[in-house]
Structure formats: C-alpha cells, structure tokens
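# Residue-level structural notes
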Amino acid sequence: MASLIRNILMTFLCVLLGFVCFSNAQLSGNFYGTSCRNLQTIVSNGMRQAVNREPRLGASILRLFFHDCFVNGCDASILLDDTATLTGEKNANPNRNSARGFEVIDTIKTQVEAACPNAVSCADILALAAREGVVLLGGPSWAVPLGRRDARTASQSAANTQIPAPTASLSTLISMFAAKGLNARDMTALSGSHTIGQARCTGFRNRIYNETNIDAQFAATRRATCPASGGDTNLAPLDIQTPSRFDNNYYQNLVARRGLLHSDQELFNGGSQDALVRSYSTNGVAFRNDFAAAMVKMGNISPLIGTNGEIRRNCRAIN
C-alpha cells in the first residue's frame, strides 16, 4: 500500500512539475519471458540480415530510436504513417527525406507477429533493433528493459521542436537533452552515435564553407561532394575514419577539428565538454560504457506501460 501511494505521488509530481519521468521500475528485461521467448533472436537475425545488406542501416535504426524517444517518449510514434485523421512525425523537419529503415522494422515486426501474435510492441522492437545495429557494427551491448507499449498518436510539432538540429549550439544541446532527463555527459556519449552513419550536404554545407574551427584539408575533402549550391542530398560519412565501424574515432575527429556537423564540433570548441571528448578520444572503453548506460537511460524516457497505448499489429498504423 505504501509503495502504491508513493508511486501515485511520484506520478503526480512528474505531471505537476513537468518532469520527464523514467519508468525503469516498470520495464523489465524479461518482460516477454513467457509470451515471446525468441523475441531477441528474431530481432537479432532481422537486423543482421539488414546490416549485412547495407551497413548504414545500423545507424539509420539507431537514429530512428533517438528521434522516437525525444518526441513524447519511446512509443514508436515515429513509425506511424500519415493518414486522413493522423499527422505523423515522418514529415517533420528532422525526419523528412532522412529518417529511414522503416521497412526493416516492418520485416522484423512481421516475423515477430508470426511467432508471437499481438504480444510485442513496435516500441520494444525498435529499442532492441537499435541495440542490435550498434552491436553488429562493433559497438557495445546492453540489457534493454522491455514492456513499452505503442502510441495511438504522434506529434509532428513536437518532432519539429524537440529533436536537436545539426546547427545546435552546445548550450542548446545541453538544455534539450536535460529536458529529457539526460545530463551533459549522457549527451556527449550519445553524440558518439555519429561514429556511424551519414549526413546530407544540406546539414553541413554552412560548416564546411563558412566556419573557421575546421581542419582545412577536411573541409576541402567535403566540399568536393557538397557544392556551395545544389547537391543537397549528397551524403558524407559522419566519421571520416571508420564510417561503418562503431568506435571512438568520432571523438578523435572532434579533437582534430574534423566534426562534420556544427553540433558535433560544438562538443569540442573550448566549452564544458572538451575534457570528456578528449577522454573518449583516447579511452574507447570509457566511451562504450557511458554510451551503453546512456542508451538505457534514453530508452526509459516516458514509456507507455500497463494499459496505456496499445500493441500495434502493423507498426505504421494504429489498430
């Protein structure tokens, strides 16, 4: 009874004070222990097939999870297609023409449904798939707490305002992550996800043509495929050294002033995160440990649990 009253009071305080509340106590690593015992194997196999076909998909799925969690919590709202009655998040500015990998989640969901009908949420599949993508590209593993349910709504407006932009300053990054219950160390560790994946020319053009805290040879290399005008969708690796390998080279790049995005280089530009970036650049183990811990923390942002939300049969549409 006392614990129930305590939980009610905590929920009330979270709502009253606008806190982002973590629900790790309600999520469980063994949530599907009886209802879908082979879940993690199915997700792992699905991601292995996808990443073997296109290594970039590991980064794409990780980005989907990040963009999902930062908009009203990790509830698979990013997976919803637009309909006549629902405006999804896929066409929000941070996602339009850049969010990808949806078909990978569709395929895994179909396989999960065949094995465990109406049991596993799309939100949990995305959380597991994000981890598997990191592992397959050489990154750390972590225990994923499970039990999330799927949203029946989406918010394009929240996606437009709550996902950090590639032009964000350090202070903006710190405050936007803090709004989700993530501290500056979490933010710097999670930014290390840019050790994999690619960015579009439109996201870094201003940096390579107009900024001064950038290695001249690196800028010249990037300008070769990102013209001053046109070529907006031309791609460049976020990590010039090992673009398909999850390692700490991203931080070495920042120290060498070879961060591709403005928001990347902000982590090492005479500010509060310089020391941590230097530490990660020489201590890959510390980065891996902090990244894994921060991923668990991010995955616990405001999940729908209990009878909230639903278990979607199709990740693209509410039931």
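Residues numbered from 1 in each chain as written. Predicted model: local features only at pLDDT ≥ 70, side-chain atom pairs only at ≥ 80, totals over all residues. Heavy atoms only, no water.

Identification of the protein chain as Peroxidase from Anisodus acutangulus is taken from an unreviewed UniProt entry. Its UniProt record gives the protein chain the following Catalytic activity (unreviewed entry) comment, quoted word for word: "2 a phenolic donor + H2O2 = 2 a phenolic radical donor + 2 H2O". (UniProt positions renumbered as here; feature names shortened; annotations may be inferred.)

## Quick word on the nonpolar core
Membership of the largest hydrophobic core comes to 74 residues, with the highest contact counts inside it found for Leu-39, Phe-65, Leu-79, Phe-291 and Met-298. Considering each element in turn, this core owes the most residues, nine residues, to helix H5 (residues 122–136). With near-sequence residues (within four places) excluded, Met-298 lies in contact with Phe-65, Phe-66, Cys-69, Phe-70, Cys-74, Leu-182 and Leu-190. Listed in part, the twelve residues of the second largest apolar core include Cys-201, Phe-204, Ile-208 and Leu-261. (Core = buried A, V, L, I, M, F, W, Y, C linked by side-chain atoms within 4.5 Å. Buried < 20%, exposed > 50% of the residue type's maximum accessible area, 1.4 Å probe, protein only. Helix = DSSP H or I, 4+ residues; strand = E, 2+ residues; numbered from the N terminus. Contact = heavy atoms within 4.5 Å.)

## Topic: the state of the cysteines
In the structure shown here, the tally under the stated rule is four disulfides. Cys-69 shares a disulfide with Cys-74; S-S distance 2.0 Å. Between Cys-69 and Cys-74, the S-S dihedral sits near 115°, and the bridge is therefore right-handed. When sorted by exposure, Cys-69 lands in the same class as Cys-74, which is buried. Across the disulfide from Cys-122 sits Cys-315; the S-S distance is 2.1 Å. Across the S-S bond of Cys-122 and Cys-315 the torsion is about -95°, and the bridge reads as left-handed. Here the residue Cys-122 occupies a position in helix H5, and Cys-315 occupies one in the segment after helix H14 (284–299), the gap between them amounting to 193 residues. In this structure Cys-122 comes out as buried when scored by relative accessible area, which is 0%. (Disulfide = S-S within 2.5 Å.)

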